[in-house]
Amino acid sequence: DTQSGMKIFLNVVSNENVEKPHMKSFAELEGEEGCRVPLSVGTPVEDFDKKKEPCVTYDLVANPEVVDECQQHPAFRESVISLCLAAVSQKYKIDL
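All values reported here derive from a predicted model rather than from experimental measurement.

Chemist: Could you give an account of the overall build of the protein, with specific residues and numbers?
Modeler: Helices and strands together make up the secondary structure of the protein, namely two helices and six strands. Starting at the N terminus, the α and β elements of the protein follow one another as β-β-β-β-β-β-α-α. The principal-axis extent of the C-alpha atoms belonging to the protein is close to 45 × 25 × 25 Å. Expressed as a percentage of its 96 residues, the buried residues of the protein come to 24%. Carbon and sulfur atoms form 51% of the exposed surface of the protein, whose accessible area is close to 6800 Å².

Dropping the structure here:
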């Protein structure tokens with residue numbers, strides 16, 4: 001968190017009940033298509049890192065296909081990391 005300086009951790013887990021990623025046309029992008037990756041963002045949990053310093057942990061749940069693709073394709077993984085950071089930032093109004 002850039003405002004407070006608090007270290008954060010994002011845990012990405014999978015569950016079949018989260019919608020699979022799919023291509024979608026975006027009207028605001030003049031009909032261009034993009035990959036929609038649905039995520040469920042959990043509540044912040046105050047925790048401690050390995051050095052016993054305070055931190056905040058967020059759990060994000062994605063479809064298992066997302067986790068599999070992240071393991072196989074580094075570029076996709078980087079996109080999902082950015083998406084996760086943006087999702088947490090937007091939901092909790094924090095700067096990451």
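Chemist: An account of the environment of Val13 is needed here, citing residue identities and associated values.
Modeler: Note on placement: Val13 falls in strand S1 (residues 7-14). A relative accessible area of 40% places Val13 in the partly exposed class. In this view, Val13 contacts Leu60, Val61 and Ala62; residues no more than four positions away in its chain are not counted.

Chemist: Give a description of the nonpolar core that names residues and reports values.
Modeler: Tyr58, Leu60, Val66, Phe76, Val80 and Val88 are the most contacted members of the largest nonpolar core, which has 14 residues in total. Listed by contribution, the elements that provide at least two residues to this core are strand S6 (54-62), helix H1 (64-72) and helix H2 (74-92). No other element matches the five residues that H2 contributes to this core. Beyond its immediate sequence surroundings of up to four residues, Leu60 is in contact with Leu10, Asn11, Val12, Val13, Leu39, Ser40, Val41, Cys84 and Val88.

Chemist: Account for unusual backbone geometry, with residues named and values stated.
Modeler: Phi angles above zero are rare outside glycine, and Lys52 is one such case at about 65°. Inspection of the secondary structure puts Lys52 in the loop between strand S5 (45-48) and S6. Since its relative accessible area comes to 65%, Lys52 is described here as exposed. Positive phi values are uncommon outside glycine, yet Lys93 reaches one of about 55°. Residue position: Lys93 is located in the segment after H2.

Chemist: Describe a nonpolar patch on the surface, listing the residues and the values that go with them.
Modeler: Together, Ile81, Leu85 and Leu96 line one region of the surface with nonpolar side chains, adding up to about 220 Å² of accessible area. Positionally, Ile81 belongs in helix H2.

Quick notes on the rules
- Residues numbered from 1 in each chain as written.
- Predicted model: local features only at pLDDT ≥ 70, side-chain atom pairs only at ≥ 80, totals over all residues.
- Heavy atoms only, no water.
- Helix = DSSP H or I, 4+ residues; strand = E, 2+ residues; numbered from the N terminus.
- Buried < 20%, exposed > 50% of the residue type's maximum accessible area, 1.4 Å probe, protein only.
- Areas by Shrake-Rupley, 256 points an atom, 1.4 Å probe, with all protein chains shown as cover.
- Contact = heavy atoms within 4.5 Å.
- Core = buried A, V, L, I, M, F, W, Y, C linked by side-chain atoms within 4.5 Å.
- Patch = residues over 30% accessible without salt bridge, like charges linked within 9 Å, V, L, I, M, F, W, Y side chains within 5 Å.
- Salt bridge = Lys/Arg side-chain N within 4 Å of Asp/Glu carboxyl O.

Don't take any of this as a statement about function, it's just geometry.
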